[in-house]
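Structural characterization, general
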Amino acid sequence: MTAADQLRTLIRTIPNFPKPGIQFRDITTLLLDPAGLRLATETMAAAISGPVDLVAGIEARGFVFAPTLALALGAGVLLIRKDGKLPGATIAEDYALEYGTDRITMHADAFTPGARVLLVDDLIATGGTARAAVRLIRKAGGVVTQAAFVIDLPELGGARALASDGIDVHALVDFEGH
Ligand code: AMP
């Protein structure tokens, strides 16, 4: 079995969560499996090229993989958080949702311009969240050229959109549909 096949078997699908029509790809079952967690981390780390200063995890499930990947790559961890959560001075970026907008933030002094930042999240769907995180990191002067995800939903086009922003997109597993 390939690494992708092994990882796919460890990801659980919950239909119609959080709303009808959505197939929720649940990584909690992967996290419960020690060998699976190690395989996910090592496979992701092996795909990354060049030195990385910081691994940026997107709240909330990106926070799980950012530290494991950072340890594997010898990097630090940058938290990209929802609005109102960080205690220090922040910079923010808004992005469109199906209805309305959302906002992500980071500490304004998290890194000095030129820092090489790798973006990580559990899943890329439309890419709205990840693309906003790239804009945010670039606004702060970070150099972001790579992003890693456990899961890609290719039909939603997020990975393609992120690639058009100049990002090398690495995903461990693809799933059909939404
Ligand atoms: P998007 O901004 O559309 O790329 O959505 C990505 C974010 O939404 C990630 O943080 C995912 O954790 C979450 N997400 C979107 N679709 C799903 C899905 N089908 N299963 C699990 N998480 C999802």
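Residues numbered from 1 in each chain as written. Predicted model: local features only at pLDDT ≥ 70, side-chain atom pairs only at ≥ 80, totals over all residues. Heavy atoms only, no water.

Examining unusual backbone geometry
What is expected of a backbone is that most residues other than glycine have negative phi and most peptide bonds are trans. We apply this condition: Only runs of H or I of at least four residues qualify as helices and only runs of E of at least two qualify as strands under DSSP, and these elements are numbered from the N terminus. Note on classification: 1.4 Å probe, protein chains only; a residue is buried when its accessible area is under 20% of the maximum for its type, exposed when over 50%, partly exposed between these limits.
Each neighbour pair has its own omega, and for Phe-17 with Pro-18 the value is -5°, a cis peptide bond. Residue Ala-60 is bonded to the preceding Glu-59 through a cis peptide linkage, with omega at 0°. Within the fold, Ala-60 resides in the loop between β3 (54–58) and α4 (62–73). Phi at Asn-16 takes a positive value of approximately 60°, unusual for a residue other than glycine. Along the polypeptide, Asn-16 turns up in the loop between β1 (12–15) and β2 (23–26). Using a relative accessible area of 49% as the deciding quantity, one classes Asn-16 as partly exposed.

Remarks on the side chain of Thr-41
What counts, and what does not: Side-chain atoms alone can form a polar contact between residues adjacent in sequence; in general such a contact is a pair of N or O atoms within 3.5 Å, and within protein one must be able to donate a hydrogen while the other accepts it.
For Thr-41, the location among the structural elements is in helix α3 (residues 34–47). The class for Thr-41 is buried, based on a relative accessible area of 10%. Within the structure, the side chain of Thr-41 is placed 2.9 Å from the backbone oxygen of Leu-37, a separation counted as a polar contact.

Some details on α4
Quick note on the threshold: By this rule, a helix spans an expected 1.5 Å times one less than how many residues it contains. Comment: arc refers to directions from the helix axis out to C-beta atoms. Any two residues whose heavy atoms approach within 4.5 Å at even a single point are treated as in contact.
Here α4 is twelve residues long and its end C-alpha atoms lie 16 Å apart, about the 16 Å a rise of 1.5 Å per residue gives. Restricting attention to buried positions, one finds in α4 the residues Gly-62, Phe-65, Ala-66, Leu-69 and Ala-70. In a view along the axis of α4, the buried residues occupy a sector of 135°, so they form one face of it. Against α2 (28–31), α3, β3, β4 (76–82), β7 (116–124) and β8 (143–152) lie the buried residues of α4. Gly-74 occupies a position one or two residues after α4 and carries a positive phi of about 70°.

Some thoughts on the pattern of salt bridges
Put simply, the test is: A carboxyl oxygen of Asp or Glu within 4 Å of a side-chain nitrogen of Lys or Arg is what we treat as a salt bridge.
The tally for this structure, following the rule as stated, stands at eleven salt bridges. A salt bridge links Arg-12 to Asp-26; the nearest nitrogen and oxygen atoms lie 2.7 Å apart. Residue Arg-12 is found in strand β1, and its partner Asp-26 is found in strand β2; the two are separated by 14 residues along the sequence. The salt bridge partner of Arg-135 is Glu-93, with a shortest N-O separation of 2.7 Å. Placement of the pair is Arg-135 in helix α5 (residues 128–139) and Glu-93 in strand β5 (residues 90–96), with a sequence separation of 42 residues. One network of salt bridges, with partners in common, ties together Glu-93, Arg-135 and Lys-139.

Things to note about the site of the ligand
Defined as follows: Near is defined per residue: the residue qualifies when any heavy atom it owns lies within 4 Å of the molecule or strand. Values of accessible area rely on a 1.4 Å probe in the Shrake-Rupley scheme; residue burial ignores everything except the protein chains shown. Polarity classes work like this: nonpolar for Ala, Val, Leu, Ile, Met, Phe, Trp, Tyr, Cys and Pro, charged for Asp, Glu, Lys and Arg, and polar for all others, with Gly in that last group.
Lining the immediate surroundings of the ligand are 14 residues, of which Arg-61, Asp-122, Thr-126, Gly-127 and Thr-129 lie closest. Notes on the ligand: free accessible area 490 Å², of which the protein chains cover 81%. By residue number, the principal contributor to the shell around the ligand is β7, which donates four residues. The residue inventory of the shell around the ligand, partitioned by class, reads five nonpolar, five polar and four charged.

Observations regarding the side chain of Asp-122
Take Asp-122: it is sitting in strand β7. When sequence neighbours within four positions are dropped, the list of residues in contact with Asp-122 reads Ile-27, Arg-61, Gly-62, Phe-65, Phe-149, Val-150 and Ile-151.

Thoughts on the sheet that holds β5
Convention followed: Should DSSP find at least two bridges between two strands, the strands are taken to pair. Only the contacting stretch of a helix is used when fitting its axis, a line to C-alpha atoms as for every element, and angles between N-to-C directions run 0 to 180 degrees.
One open sheet holds the seven strands; their spatial order is β5-β6-β4-β3-β7-β8-β9, and the pairing between them is mixed. Because the sheet does not close on itself, it has two edges, and the strands there are β5 and β9 (168–174). Ignoring which end each strand starts from, the neighbouring axes of this sheet average 25° apart. For β4 and strand β6 (residues 101–107), the ladder comprises two bridges, and the chain directions are antiparallel. Each bridged residue has a counterpart across the sheet, and for Lys-82 the counterpart in β6 is Ile-104.

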